[in-house]
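Breakdown of the fold
Residues per chain are reported as follows:
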Amino acid sequence: MTDARETVQAVGEILTRFLKSGPTSPDHVQETRTTISKLARSIAVSADEAAASYERVCREFLDKVIQVKGIPTRTICGERENQSNIVSSSGNHIAQEFDALLPSLKKRFEWCVTNYNSEAKTYLDGQLHQFDALLQQFLEQVPIGGTKDKAIKSRIAEIKKGLRSLTEWDRFFYVHKARSFPAEVDCLFALEGNPIAAIWDYSPTDEQGDYPKIYDHKQRHDLVYVVRGNWAITKGLMNEGANGYLDEITRPSQEVGCMCHLRWLYSIRDLPKNMVTEKGCSELKRVSAAI
């Protein structure tokens, strides 16, 4: 990355000169666009660099997960000077099964980093495309001989603002993706509790922010997704329902900006009636009668 402030200033000077003169040759517009586009890319963190930074953050989190054998939680009282104030909030069962879960945790770590890199490239490409379109629009509006049109001149400030945004795209993107790996760890630990299904809870905050969504999670709200191979399926007490299995869809926090979450179901009593088989209904009646 080059110095952002100097680059923004340099771009402003190039555009001001172009505003005064207009295109002076057939290639002037394209040459100016190419020059500024290169400068814009020189001050933007690359997607690979952003992913490397995210990987370091996730690795630190994974190290803490491994250290406490569960979701790391900071205690606020009762700690001694020679004791860590980071403990697990995942319970004894996760601690006992942790060594067996570790390979899966590492796989999800690798997947999250790879996915972050892919989505970061798509996001950055989109931001650069928007900047190029704004720049092209300005250059095409300036006539031969230049202009003093205030509306056209105001575009220079917009372009400079767009440049400044490019210097911070990686931080903005991280805000939308910070929960992705911790959410996967949460999900993996939750599955160890033998849930039979999960209800998708849509979050209205998905609609906030400037990031253009390429998904619509509102349509998933309150839908029930089955955990593949769960004990109730194995015993013939439930069916897969109309929405299929949880592993057939993206999970919450994996798509950019997703703030949804899952509510886990552990009993066939909590399922929609059409997902409980005849055998399951008989079992519910039997248990109710016994109670």
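This report concerns the structure included in the present document. Remember, it's a predicted structure, so these values are computed and weren't measured experimentally.

Turning to the overall build of the protein, a few remarks are in order. A count of helical and extended segments in the protein gives 9 helices and 5 strands. Along the protein, from the amino end to the carboxyl end, the secondary structure elements read α-α-α-β-β-α-α-α-α-β-β-α-β-α. Computed over C-alpha atoms, the radius of gyration of the protein comes to 27 Å, more than 25% over the 19 Å expected from 2.2 N^0.38 for 291 residues, which places it beyond the range of a compact globule. Summarising its shape, the C-alpha atoms of the protein cover approximately 90 × 55 × 30 Å along the three principal directions. Here the protein holds 291 residues, and 42% of them are scored as buried. Accessible surface, the protein as shown: approximately 16800 Å² in total, 51% of it carbon and sulfur. Looking at charge distribution, the protein has the averaged site of its 38 positive side-chain charges lying 2 Å from that of its 39 negative ones.

All right, on to helix α6 (residues 169-177) then. Turning to α6, its buried residues number three or more, namely Trp169, Asp170, Phe173, His176 and Lys177. The buried side chains of α6 occupy one side of the element, clustering within an arc of 115° when seen end-on. Along α6, the residues that are exposed and aim more than 90 degrees away from the buried face are Arg171 and Val175.

Inspection of the secondary structure assignment puts lysine 177 in helix α6. Owing to a relative accessible area of 1%, lysine 177 belongs among the buried residues under this scheme. At 2.6 Å, the side chain of lysine 177 forms a polar contact with the backbone oxygen of glutamine 254. In this structure, lysine 177 is in contact with Tyr54, Asn115, Tyr116, Glu119, Ser253, Gln254 and Val256, ignoring residues within four places of it in sequence.

Attention now moves to the packing of helix α4 (residues 91-141) against α6. For the pair α4 and α6, the least separation of the axes is 11 Å and the interaxial angle reads 130°. When the axes of α4 and α6 are compared, the pair comes out oblique. Taken as a pair, α4 and α6 cross one another with a handedness that is right-handed. Within the contact between the two elements, α4 uses Asn115, Tyr116, Glu119, Ala120, Tyr123 and Leu124 and α6 uses Trp169, Asp170, Phe172, Phe173, Tyr174 and Lys177. Within the contact of α4 with α6, the residues separate by chemical class into 8 nonpolar, 1 polar and 3 charged.

Further remarks concern the pattern of salt bridges. Scanning the entire structure with this criterion turns up 12 salt bridges. Here glutamate 248 and arginine 228 are joined by a salt bridge, their closest N and O atoms 3.3 Å apart. Taken together, the residues glutamate 248 in the loop between α8 (231-234) and β5 (261-265) and arginine 228 in the loop between β4 (224-226) and α8 connect sequence positions 20 residues apart. The exposure class of glutamate 248 is exposed, given its relative accessible area of 51%. You can call arginine 228 partly exposed: its relative accessible area is 45%. Among the ionic pairs, arginine 286 bridges to glutamate 283, the shortest N-O distance being 2.6 Å.

What follows is about the sheet that holds strand β3 (residues 197-201). Pairing is antiparallel in the open sheet, where 3 strands are placed in the order β4-β3-β5. The open sheet has two edge strands, β4 and β5, and neither has a second partner. Averaged over neighbouring strand pairs, the angle between their axes works out to 30° when direction is ignored. Pairing between β3 and β5: 5 bridges, direction antiparallel. Paired with aspartate 201 across the strands is histidine 261, a residue of β5.

Before going further, it helps to examine the nonpolar core. One finds Leu15, Leu105, Phe138, Trp169, Phe181 and Phe189 to be the most contacted residues of the largest nonpolar core, which totals 51 residues. Secondary structure elements with two or more residues in this core: α1 (4-21), α2 (28-42), α3 (47-68), α4, α5 (150-166), α6 and α7 (180-191). With 18 residues, the single largest contributor to this core is α4. If sequence neighbours within four positions are ignored, tryptophan 169 has contacts with Ala44, Val45, Ser46, Ala47, Ala50, Ala120, Tyr123 and Leu124. By size, the runner-up hydrophobic cluster in this structure holds 15 residues, among which are Ile199, Val226, Ala232 and Met238.

Here is what the cut-offs are and how they apply
Residues numbered from 1 in each chain as written. Predicted model: local features only at pLDDT ≥ 70, side-chain atom pairs only at ≥ 80, totals over all residues. Heavy atoms only, no water. Helix = DSSP H or I, 4+ residues; strand = E, 2+ residues; numbered from the N terminus. Rg over C-alpha atoms; globule rule 2.2 N^0.38 Å. Buried < 20%, exposed > 50% of the residue type's maximum accessible area, 1.4 Å probe, protein only. Areas by Shrake-Rupley, 256 points an atom, 1.4 Å probe, with all protein chains shown as cover. Lys, Arg positive; Asp, Glu negative; His and termini not counted. Charge placed at Lys NZ, Arg CZ, Asp CG, Glu CD. Arc of directions from axis to C-beta. Polar contact = N/O pair within 3.5 Å; in protein donor to acceptor, adjacent residues only side chain to side chain. Contact = heavy atoms within 4.5 Å. Axes fitted to C-alpha atoms, helices over the stretch in contact; angles between N-to-C directions. Parallel < 35°, antiparallel > 145°, perpendicular 65-115°, else oblique. Left-handed = near helix turned anticlockwise from the far one by under 90°. Nonpolar A, V, L, I, M, F, W, Y, C, P; charged D, E, K, R; others polar. Salt bridge = Lys/Arg side-chain N within 4 Å of Asp/Glu carboxyl O. Pairing = 2+ DSSP bridges. Core = buried A, V, L, I, M, F, W, Y, C linked by side-chain atoms within 4.5 Å.

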